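Take a look at the letters that make up each chain.
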Amino acid sequence: MPIKTQILDATSDGIAAAAEILRGGGLVGFPTETVYGLGGDARDDRAVARIFEAKGRPHFNPLIVHVPDVETAQTYAVFSDQARALAASFWPGPLTMVLPLRADAGLSPLVTAGLASVALRVPAHPVARALLLAFDGPLAAPSANPSGRISPTRAAHVLAGLSGRIEAVLNAGPCAVGVESTIVGLAGAPLLLRPGGLPQEALEAALGAPLSFGGSAEKPNAPGQLASHYAPEAGVRLGVTNPTPDEVWVGFGPDCPAAVLNLSRSGDLIEAAAALFHTLRLADAMAGQGGIAFAPIPETGLGRAINDRLRRAAAPRN
Ligand code: TXA
Ligand code: MG
């Protein structure tokens, strides 16, 4: 039976109503600085099971637990000196750390997919922070999209994918960062598990050492490193400087005047990341048989996260 999904404004009343829904075991889409998350009480097996069901997400793929601060985070995971240093530098913000789960954490085992580690993040978005304080508990929140599809950076994207499956969405306009958090594994030596909204260069500067990439689609370390993801309906080609006449060309920078859509006409990677998922949805709506063709994006800073998402949008579907 579909349920009626409420659209709540991100006012103090709307946030209080969202917290009440969460306390009752319901699911709420909410804004973070990266993408909209689909939140549920991370201690409640039934709420967490409903997140997997609403998204159609495989149960082996664990969720990120959102908390208001590092003190709360330390009640769920064991922090090394390195983890503490990264938290001090980058929380709140678009960094997720995978750390050893504490025996007394009290999280639903579904959140961690039974692993001995947990992914933790302190979001910076003021509405996410206000919701965490009002709810006063840990929020399990994957991106608020059906599994394998394009991530949501606006409340309307959440509704397009999940309306009728979740109790509410808190609307606070578009997300500023636009790509998901960077995930670092810190169970041993630091490993980059997913490039994201915090540039790898910033992490390496803080760690004082290069960060190695910790997995692949063939041998995933973060169970979410599946090859096909972010899939639009249309086919996707990358690194295209000469699109065919029937392709929707998505440009980057000033050298693509013929492109109807452009991630950033000035060639700014921060602007491009913020525009990425909405542009992918627009291009998908415009594309016919010819598919979507993306201009090359430099592999530095946020360009790494953009290219990671585009490679998976272009990957063969399974
Ligand atoms: O920006 C973000 O991170 C957004 C917002 C809502 O916070 N969330 C997000 O969640 O992107 P999701 O579920 O779409 O991606 C979580 C990723 C998955 O690839 C999952 O496999 C990985 O985190 N992950 C979670 N727990 C893990 C663990 N214990 N070990 C390794 N990877 C883990
Ligand atoms: Mg996701």
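One can find the structure itself at the top, above this paragraph.
First, a word on scope: everything that follows refers to the structure included in this document. In this text the structure is predicted, and so the values were computed from the model without any measurement.

### Notes on the packing of aromatic side chains
Any aromatic ring pair is given by two values, namely how distant the centres are and how the planes are angled relative to each other.
Step number 1: Tallied over the full model, the rule gives 2 aromatic pairs.
Step number 2: Summarising the aromatic geometry, the rings of F79 and W91 are spaced 6.1 Å apart at their centres and angled 70° between planes, so their arrangement reads as edge-to-face. Residue F79 is located in the loop between helix 3 (70–73) and helix 4 (81–90), and its partner W91 is located in the loop between helix 4 and strand 5 (95–100); the two are separated by 12 residues in the primary sequence.
Step number 3: In this structure F79 comes out as buried when scored by relative accessible area, which is 8%.
Step number 4: Taking 5.4 Å as the distance between ring centres and 10° as the angle between the ring planes, the aromatic pair formed by Y230 and F277 counts as stacked. Note that Y230 is positioned in the loop between strand 11 (212–213) and strand 12 (236–237) and F277 in helix 8 (residues 269–286), a separation of 47 residues in sequence. Both residues of the pair, Y230 and F277, belong to the buried class.

### A short note on the packing of helix 4 against helix 7 (residues 200–207)
The angle between the axes and the distance between the axes are what describe a pair of packed helices.
Step number 1: Closest axis-to-axis distance for the helix 4/helix 7 pair is 10 Å, and the angle between their directions is 125°. Classified by the angle their axes make, helix 4 and helix 7 are oblique. In the packing of helix 4 onto helix 7, the handedness of the crossing is right-handed. Packed against helix 4, whose contacting residues are Q82, L86, S89 and F90, the element helix 7 presents A202, L203, A206 and L207 at the interface.
Step number 2: For the contact of helix 4 with helix 7, the class distribution of residues is 6 nonpolar, 2 polar and no charged.

### Quick word on the sheet that holds strand 3 (residues 37–41)
Step number 1: Pairing within the open sheet is mixed, and its 11 strands lie in the order 1-8-2-3-7-4-6-5-9-10-11. In this open sheet, the two edge strands, each paired with only one partner strand, are strand 1 (6–9) and strand 11.
Step number 2: With 3 bridges connecting them, strand 9 (residues 182–185) and strand 10 (residues 191–194) associate as antiparallel partners. In the sheet register, I183 faces strand 10, and the bridge partner there is R194.

### Here's the deal with the pattern of salt bridges
Step number 1: Taken as a whole, this structure holds 13 salt bridges when the rule is applied.
Step number 2: As a salt-bridge pair, E33 and R121 come within 3.1 Å of each other at their nearest N and O atoms. Remark: R121 occurs in strand 6 (residues 117–121) and E33 occurs in the loop between strand 2 (28–30) and strand 3; sequence separation between them is 88 residues. The same class applies to E33 as to R121, namely buried.
Step number 3: Across the pair D104 and R102 runs a salt bridge, and its minimum N-O distance is 3.0 Å.
Step number 4: Taking the relative accessible area as the measure of exposure, D104 reaches 53% and is therefore exposed.

### Observations concerning the packing of helix 1 (residues 12–23) against helix 5 (residues 126–135)
Step number 1: Interhelical geometry of helix 1 versus helix 5 gives an angle of 50° and a closest axis separation of 9 Å. In terms of orientation, helix 1 and helix 5 fall into the oblique class. Relative to helix 5, helix 1 is oriented so that their crossing is right-handed. Contacts between helix 1 and helix 5 pair I15, A18, A19, L22 and R23 from the former with V127, A130, L131, A134 and F135 from the latter.
Step number 2: The residue inventory of the contact of helix 1 with helix 5, partitioned by class, reads 9 nonpolar, no polar and 1 charged.

Calculation notes
Residues numbered from 1 in each chain as written. Chains lettered and ligands numbered in written order. Predicted model: local features only at pLDDT ≥ 70, side-chain atom pairs only at ≥ 80, totals over all residues. Heavy atoms only, no water. Phe/Tyr/Trp six-rings, centres within 6.5 Å; stacked < 30°, edge-to-face > 60°. Helix = DSSP H or I, 4+ residues; strand = E, 2+ residues; numbered from the N terminus. Buried < 20%, exposed > 50% of the residue type's maximum accessible area, 1.4 Å probe, protein only. Axes fitted to C-alpha atoms, helices over the stretch in contact; angles between N-to-C directions. Parallel < 35°, antiparallel > 145°, perpendicular 65-115°, else oblique. Left-handed = near helix turned anticlockwise from the far one by under 90°. Contact = heavy atoms within 4.5 Å. Nonpolar A, V, L, I, M, F, W, Y, C, P; charged D, E, K, R; others polar. Pairing = 2+ DSSP bridges. Salt bridge = Lys/Arg side-chain N within 4 Å of Asp/Glu carboxyl O.

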